[in-house]
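Here is how the chains run, residue by residue.
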Amino acid sequence: GEIPLPAFPQTVARYISDLAGTHKPSTIQRRLASISVAHQAKGQASPSASPLVRATMQGIRRTLGMAQRQAAPLMVEHVRQAVCVFGDSPQDVRDRAIVLFGLAGAFRRSELIALDLADLQFREQGVVVTLRRSKTNQEGQAESLDVGYGAHDSTCPVRAVKRWIAVAGIERGPIFRAFAPDGSITERRLRDRAVSRIVKATAKRIGLSPEVFSGHSLRAGFVTQGYREGLAESDIMRHTRHKSRAVVGRYRREGERFLTNFTAKVGL
C-alpha cells in the first residue's frame, strides 16, 4: 500500500530491513541499486541515497557482515569421479551433460539454462555456442564461445550434450529441460536454481559436502583449474568472458594452492 515511485526513504528502509531476515547484504545492495536506477529513469531523486537508507544499510552490513561465501569449485578430478556414478537414465544423461558442459564452457547458470538448440553449431572440432544475453551483456548483443571435444569420451562435454539432445529428442527450443512428475521430458526450460541442485547432488554422490557447492561451482571450477594447469590469465578471461582481472584473480590463490609444498621445501 506504499507509493513505489517515488518511494519515501522510510519505505525503502523498512523494505531492506525486512530483506535482512532472508537475504545477504550483497543481494540487498543490488536491490537498492535497482531502486535507484528506476527512480533515475523517471527523473526522480533516489531514496537509496538518503541518510536514513544509508544508515540502515550500514547497520545491516555490521549485523550480517559483508563477506560473501564463495562457492567451492567443482574441479576436473571431481567430475572424473562423478561420471562413474551417473547412470543411463534420461535424468542422469541430462545432469551429466549439464555438469560437463557447464564446467567446460565456464557458464553462469543463467547462461546455461538459456541455451536453445539454435544456439549450438556443431563442428568437427567441437561446438560454437552463441550467448544471446549474459550478466555482463544485458543488451542482447550476441557473443560466441568455443567448447572443444574432450580428450576422454567419458568426460567430453560435447559428446555429453549430443547424447542428451538425442535421448530427449530435441529438435528445437531449450536444451536443458525439466522433467514431469511421471518422469517424462517436458518442453519447459529448466530453472537456473535447478543447476545448483544438480551440482550439489553431484558433489554428494562422490562423497563431498553439498553445502559448499552451488551452480557457480562449475564456472569457478574452470577458472581454478585453469590457473592450476598454468593457463595464461588472458586466455582464462577470454573463455570466461570476465571483464575484470580483479574478479577472475580471486580464484588464482585457490588454483595455486599446494603447487609448491613449502613444508617439504623446508625439510619437514
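Our subject is the structure that appears above.
Given the structure is predicted, the values throughout are model-derived calculations rather than measurements.

A. Fine view of the overall build of the protein. Across its full length, the protein carries 13 helices and five strands. Residues classed as buried in the protein amount to 44% of the 268 residues present. Here the protein has roughly 15,300 Å² of accessible surface; of this, 51% comes from carbon and sulfur atoms. Here the protein carries 42 positive and 24 negative side-chain charges, and the mean point of each set is 6 Å from the other.

B. Structural view of unusual backbone geometry. Cis geometry marks the peptide bond from L5 to P6, where omega comes out at 0 degrees. Take P6: it is sitting in the segment before helix 1 (9–19). Despite not being glycine, R241 has its phi angle at roughly 70 degrees, a positive value. Note on placement: R241 falls in the loop between helix 10 (233–240) and helix 11 (245–248).

C. Here's a closer look at the nonpolar core. F101, L112, V129, W164 and F176 are the most contacted members of the largest nonpolar core, which totals 47 residues. No other element matches helix 5 (residues 90–104), which puts seven residues into this core. Beyond its immediate chain neighbours, meaning those up to four positions away, F176 contacts R94, A97, I98, L112, V161, W164, R188, R189 and L190. Listed in part, the 10 residues of the second largest apolar core include A7, I16, I28 and M57.

D. Representation of the sheet that holds strand 3 (residues 143–148). Taken together, the three strands give an open sheet; going across it, the order is 1-2-3, and neighbouring strands pair in antiparallel fashion. What marks the edges here is a single partner per strand, and that holds for strand 1 (120–122) and strand 3. On average, each strand axis in the sheet is inclined to that of its neighbour by 20 degrees, with strand direction left out of account. As judged from the six bridges shared by strand 2 (residues 126–131) and strand 3, these two strands associate in the antiparallel manner. By the bridge assignment for strand 3, G126 is matched with G148. In the packing of helix 7 (residues 157–168) onto the sheet, contacts are made with strand 1, strand 2 and strand 3, and the angle to strand 1 comes to roughly 110 degrees.

E. Layout of the packing of helix 9 (residues 217–228) against helix 10. Relative orientation of the contacting elements helix 9 and helix 10 amounts to 160 degrees, with a least axis distance of 10 Å. When the interaxial angle is binned, helix 9 and helix 10 end up roughly antiparallel. Helix 10 is crossed by helix 9, and the crossing has right-handed handedness. Across the interface between the two elements, R219, F222, V223, G226 and Y227 of helix 9 pack against E233, I236, H239 and T240 of helix 10. A breakdown of the residues in the contact of helix 9 with helix 10 according to their chemical character gives four nonpolar, three polar and two charged.

F. Spatial organisation of a positive patch on the surface. On the surface, a cluster of positive charge is contributed by R188, R191, R193 and R197. Among the secondary structure elements, R191 is positioned in the loop between strand 5 (185–189) and helix 8 (192–205). R191 gets classed as exposed once you look at its relative accessible area, which sits at 67%.

G. Expanded view of the packing of helix 5 against helix 8. For the pair helix 5 and helix 8, interaxial distance at closest approach is 10 Å and the crossing angle is 95 degrees. With respect to helix 8, the axis of helix 5 lies roughly perpendicular. Contact residues: D92, R94, D95, I98 and V99 in helix 5; V195, I198, T202 and R205 in helix 8. A class-by-class count of the residues in the contact of helix 5 with helix 8 yields four nonpolar, one polar and four charged.

Parameters at a glance
- Residues numbered from 1 in each chain as written.
- Predicted model: local features only at pLDDT ≥ 70, side-chain atom pairs only at ≥ 80, totals over all residues.
- Heavy atoms only, no water.
- Helix = DSSP H or I, 4+ residues; strand = E, 2+ residues; numbered from the N terminus.
- Buried < 20%, exposed > 50% of the residue type's maximum accessible area, 1.4 Å probe, protein only.
- Areas by Shrake-Rupley, 256 points an atom, 1.4 Å probe, with all protein chains shown as cover.
- Lys, Arg positive; Asp, Glu negative; His and termini not counted.
- Charge placed at Lys NZ, Arg CZ, Asp CG, Glu CD.
- Core = buried A, V, L, I, M, F, W, Y, C linked by side-chain atoms within 4.5 Å.
- Contact = heavy atoms within 4.5 Å.
- Pairing = 2+ DSSP bridges.
- Axes fitted to C-alpha atoms, helices over the stretch in contact; angles between N-to-C directions.
- Parallel < 35°, antiparallel > 145°, perpendicular 65-115°, else oblique.
- Left-handed = near helix turned anticlockwise from the far one by under 90°.
- Nonpolar A, V, L, I, M, F, W, Y, C, P; charged D, E, K, R; others polar.
- Patch = residues over 30% accessible without salt bridge, like charges linked within 9 Å, V, L, I, M, F, W, Y side chains within 5 Å.
- Salt bridge = Lys/Arg side-chain N within 4 Å of Asp/Glu carboxyl O.

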